[in-house]
Number of protein chains: 2
Amino acid sequence: MSEQHRKYGILGTGALGGFYGAKLQKAGFDVHFLLKSDYEHVSQHGLIVESKDGDFTLPQVNAYNDVAKMPKCDVVVVALKTTQNHLLPQLLPPVVKDGGVVLLLQNGLGVEEEIAQILHKVHVIGGLCFLCSNKVGSGHIRHLDYGHITLGEYIPKYSSAGITERIQQIAEDFQSAGIGMELAEDLLLARWKKLVWNIPYNGLSVILNASTDELMTDNHTRTLVEQIMYEVKAGAMSMGRMIPDSFIQTMLDYTIKMTPYRPSMKIDYDERRPLEVEAILGNPLVKAQAAGVNLPQISFLYHQLKFIDARNQK
Amino acid sequence: MSEQHRKYGILGTGALGGFYGAKLQKAGFDVHFLLKSDYEHVSQHGLIVESKDGDFTLPQVNAYNDVAKMPKCDVVVVALKTTQNHLLPQLLPPVVKDGGVVLLLQNGLGVEEEIAQILHKVHVIGGLCFLCSNKVGSGHIRHLDYGHITLGEYIPKYSSAGITERIQQIAEDFQSAGIGMELAEDLLLARWKKLVWNIPYNGLSVILNASTDELMTDNHTRTLVEQIMYEVKAGAMSMGRMIPDSFIQTMLDYTIKMTPYRPSMKIDYDERRPLEVEAILGNPLVKAQAAGVNLPQISFLYHQLKFIDARNQK
């Protein structure tokens, strides 16, 4: 597949999928968007992106409300929340070419493995997005900050795949659309590293109704954040991946210097959407447990979040 | 000291001290009440007790707003919240007879030891109250349920003191006032056993804004309650005290059958009073830690509560 011909499908045209998909189309790629509630509006009016890197509109996009109507794509970007992943066995098969790529732009752990079990003739690539963006209206996305993606290819048992030609090609497409890209030799290590930030800040911000700066200002919550980060390190170690202490220190320092931030799980909670508890905390716990390693404080946070999430959905 | 002559001082005439003190005075004991905000009102109008065991009023009581004006007492009942315990080095010495008793009707762990370090010529007795009562106005107490007390004598290093004559005498006084009494051979074991209930329900009800029945209905929080109870058992074990698993099971079953209940720490939180985090969670953690035992989930809850408490006091 050459850059000119690569066809992109976007499953989930929200703050994340809408943003990256629009950037790709603007750069000249052939992009096909799956939508649900915004389908009618986007069919008629296209997409609007307000971005710190420059606003733009796409008055016309290929919009669909049914995967059966979509063309087979070379790269299908899964940009749904992981809480929607039970839909993937239905959504993916009609829309991915044989030999094509499923690119999972999702949080957490373990989803590539699930995809590889559903689809046997595709390549699965994981992408970790560092993006701050919101959907502010139908087909209307506001990109606030960051935006770069780390890509890593999945191979069975999460063995380290190295920098494959496939992730290089996709990274080139995204880069040509103005998106910063990094490549990871080891997708599993990259995912555990992202959990170092995601587990403590997502979890504690919901349970304690606190923003990142509040969590870092108070000595007690700062202690909790750090203790959880070390449990994530132990979780990674249980799967043979080494996260250096210096990385933890960098994450702490970085968050202290960051603008006060509402993590995605806190936004989901405030909007009364289901929380990504299983992908972000549950799956890492299961993996570590399977290797005989207990993570008692992450487990505690997990159960607290499950309670809070269930009550929030009532 | 004989029953006829035993003089009681009550430090803290609220929902707990006011209730037990009023019961003792009604039974004929010479009782002296220390008050703060309710001093003027109670001096003039006495105490009103509404109780499921029968309402009564005491139109006249010995009320004080200064320990210097109180007589020396045979038994000084400390009925303050533990968050006020920094006041005890000033409050206690003027009001306890040499050879008298300080009776600590407080939650948590470790306070008897602190008292014994302040006062050398007194006996220290710990009392664990199972009382559901509220102060509904100045000098006006509403007793809702329960009310019995478990007494145990403190001797250095929390060695088991057995059933001493001293706790028997005090238990007789309280019993003659209609208060159910139990005697504990081992105060430390009794305190750890009470923590089996107090740590999970007090802590989780505040952090998750939930009542006991909500915590027991949801499988995730029920799991947390049980895991915390087993950590309390490990804490007790670190100090050489054995809590049987059957006791934990009894506490779980008992709470499921109980009327939905708002634990005292939750009431304090809702009333924006300081929380007894140090006595109920902090001191047990310190004791276990000193014996080389980590209690990671109680530690997690402790830090969450410290954060929540500080924000609640702002």
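Residues numbered from 1 in each chain as written. Chains lettered and ligands numbered in written order. Predicted model: local features only at pLDDT ≥ 70, side-chain atom pairs only at ≥ 80, totals over all residues.

A. A look at the overall build of chain A. Check the secondary structure of chain A and you find 12 helices and 10 strands. When the backbone C-alpha atoms are referred to their principal axes, chain A occupies close to 50 × 40 × 35 Å. Expressed as a percentage of the 314 residues in chain A, the buried residues total 51%. (Helix = DSSP H or I, 4+ residues; strand = E, 2+ residues; numbered from the N terminus. Buried ≥ 20, exposed ≤ 12 C-beta atoms within 10 Å, placed from the backbone.)

B. Geometry of the relation of the copies chain B and chain A. Rotating chain B by 180° about the axis while translating it 0.0 Å along that axis superimposes it on chain A, leaving an RMSD of 0.0 Å. Expressed as an axis order, the relation between the two copies is that of a two-fold axis. For chain B, the minimum C-alpha distance to the rotation axis belongs to Q297 of chain B and amounts to 2.9 Å. Here 100% of the contact residues of chain B are again contact residues in chain A; the copies associate through an equivalent surface. (Least-squares fit on C-alpha atoms with pLDDT ≥ 70 in both. Contact = placed C-beta atoms within 7 Å.)

C. Up close: the environment of N134 of chain B. Residue and element names in this part refer to chain B. Within the secondary structure layout, N134 lies in strand β8 (residues 123-137). Sequence separation between N134 and Y39 is 95 residues; the distance between their C-alpha atoms is 18 Å. Filtering out sequence-adjacent residues up to four positions away, N134 remains in contact with A15 and R142.

D. Local environment of the pairing of strand β3 (residues 47-51) of chain B. All names here are of chain B. As paired strands, β3 and strand β4 (residues 56-58) are joined by 3 bridges and run antiparallel to one another. By the bridge assignment for β4, I48 is matched with T57. From the end of β3 to the start of β4, which pair antiparallel, there are 4 residues, and G54 there has a positive phi angle of about 120°. With 4 bridges joining them, β3 and strand β9 (residues 140-153) adopt parallel strand pairing. Each bridged residue has a counterpart across the sheet, and for E50 the counterpart in β9 is R142. (Pairing = 2+ DSSP bridges.)

E. Structural view of unusual backbone geometry. Residue and element names in this part refer to chain A. With phi around 55°, Y146 is a residue other than glycine that occupies positive phi space. Mapped onto the elements, Y146 comes out in strand β9 (residues 140-153). What makes Y146 partly exposed here is the crowd of 13 C-beta atoms within 10 Å. Backbone geometry places R272, a non-glycine residue, at a positive phi of 60°. Of note, R272 is situated in the loop between α10 (264-270) and α11 (277-290).

F. Molecular detail of the interface of chain B and chain A. Counting residues at the interface gives 16 residues for chain B, matched by 16 residues for chain A. It is helix α12 (residues 296-312) of chain B that provides the largest number of residues to the side of chain B that touches chain A, a total of 9 residues. Looking at the side of chain B that touches chain A residue by residue, the classes come out as 8 nonpolar, 6 polar and 2 charged. (Nonpolar A, V, L, I, M, F, W, Y, C, P; charged D, E, K, R; others polar.)

G. Examining the nonpolar core more closely. In this structure, V77, V78 and L103 of chain A together with V77, V78 and L103 of chain B are the most contacted members of the largest nonpolar core, which totals 200 residues. Those residues in contact with L103 of chain A that lie beyond four places of it in its chain are V75, V76, V77, V78, I125, G127 and I170 of chain A. (Core = buried A, V, L, I, M, F, W, Y, C linked by C-beta atoms within 7 Å.)

H. Seen up close, the environment of N219 of chain B. Of note, N219 of chain B is situated in helix α8 (residues 219-238). Once the C-alpha coordinates of N219 of chain B and H303 of chain B are considered, the two residues, 84 residues apart in sequence, prove to be 23 Å apart.

I. Looking closely at α11 of chain A. Residues and elements named next belong to chain A. Look at α11: 18 Å from first C-alpha to last across 14 residues, which is about the 20 Å you get at 1.5 Å a residue. The largest bend in α11 amounts to roughly 25° and is located at N283, with the proline P284 lying one to four residues further along. Along α11, 10 of the 14 residues are buried, which leaves the element largely enclosed by surrounding structure. Three or more residues of α11 are buried, namely V277, E278, A279, I280, L281, N283, P284, L285, K287 and A288. Turning to α11, the residues buried within the fold contact α4 (111-118), α6 (187-207), α8 (219-238) and α12 (296-312). (Expected span 1.5 Å × (residues − 1). Bend = angle between axes of the 7 residues up to and from the residue.)

J. Quick peek at the domain arrangement of chain A. Residue and element names in this part refer to chain A. Considered domain by domain, chain A is made up of domain 1 (3-185) and domain 2 (189-312). One C-alpha centre belongs to domain 1, the other to domain 2, and the line joining them spans 25 Å. Each partner contributes to the interface: domain 1 provides 14 residues, whereas domain 2 provides 13 residues. Broken down by secondary-structure element, the contributors of at least two residues to the side of domain 1 that touches domain 2 are β8 (123-137) and β9. (Domains from an automatic or database assignment.)

K. Inspection of the confidence of the model for chain A at higher detail. With 99% of its residues at a pLDDT of at least 70, chain A reaches an overall mean of 96. On the interface metric, ipTM, the complex scores 0.92, and its pTM is 0.94. (pLDDT = per-residue confidence, 0-100.)

L. Quick look at the pairing of strand β2 (residues 30-34) of chain B. All names here are of chain B. Of all 5 residues in β2, 4 are buried, a share of seventy percent or more. Relative to β2, strand β1 (residues 7-11) is paired through 5 bridges, and the arrangement is parallel. Counted as the bridge partner of G9 is H32 from β2. Handedness of the crossover joining β1 and β2 through helix α1 (residues 17-26) is recorded here as right-handed. With 3 bridges joining them, β2 and strand β5 (residues 62-64) adopt parallel strand pairing. Within β5, the position partnered with F33 by the bridge is A63. (Right-handed = clockwise from strand over helix to strand, strands pointing away.)

M. Molecular detail of α12 of chain B. In this model α12 of chain B runs 24 Å from its N-terminal to its C-terminal C-alpha over 17 residues, within 8% of the 24 Å that 1.5 Å per residue would give. Most of α12 of chain B sits out of view: 13 of its 17 residues are buried.

N. Molecular detail of the packing of α6 of chain A against helix α9 (residues 245-257) of chain A. All names here are of chain A. At a closest axis distance of 10 Å, the pairing of α6 and α9 adopts a crossing angle of 40°. When the axis of α6 is compared with that of α9, the two are oblique. Note on packing geometry: the crossing formed by α6 with α9 is right-handed. Seen from α6, the contacting residues are K193, V196 and W197; seen from α9, they are F247, I248 and M251. When the residues that make up the contact of α6 with α9 are grouped by side-chain class, the tally is 5 nonpolar, no polar and 1 charged. (Axes fitted to C-alpha atoms, helices over the stretch in contact; angles between N-to-C directions. Parallel < 35°, antiparallel > 145°, perpendicular 65-115°, else oblique. Left-handed = near helix turned anticlockwise from the far one by under 90°.)

O. Summary view of the environment of Y302 of chain B. All names here are of chain B. Its place among the elements puts Y302 in helix α12. In sequence terms Y302 and I199 are 103 residues apart; their C-alpha atoms lie 9.4 Å from each other. Aside from chain neighbours lying at most four places away, what touches Y302 is V277, L281, G282 and L285.

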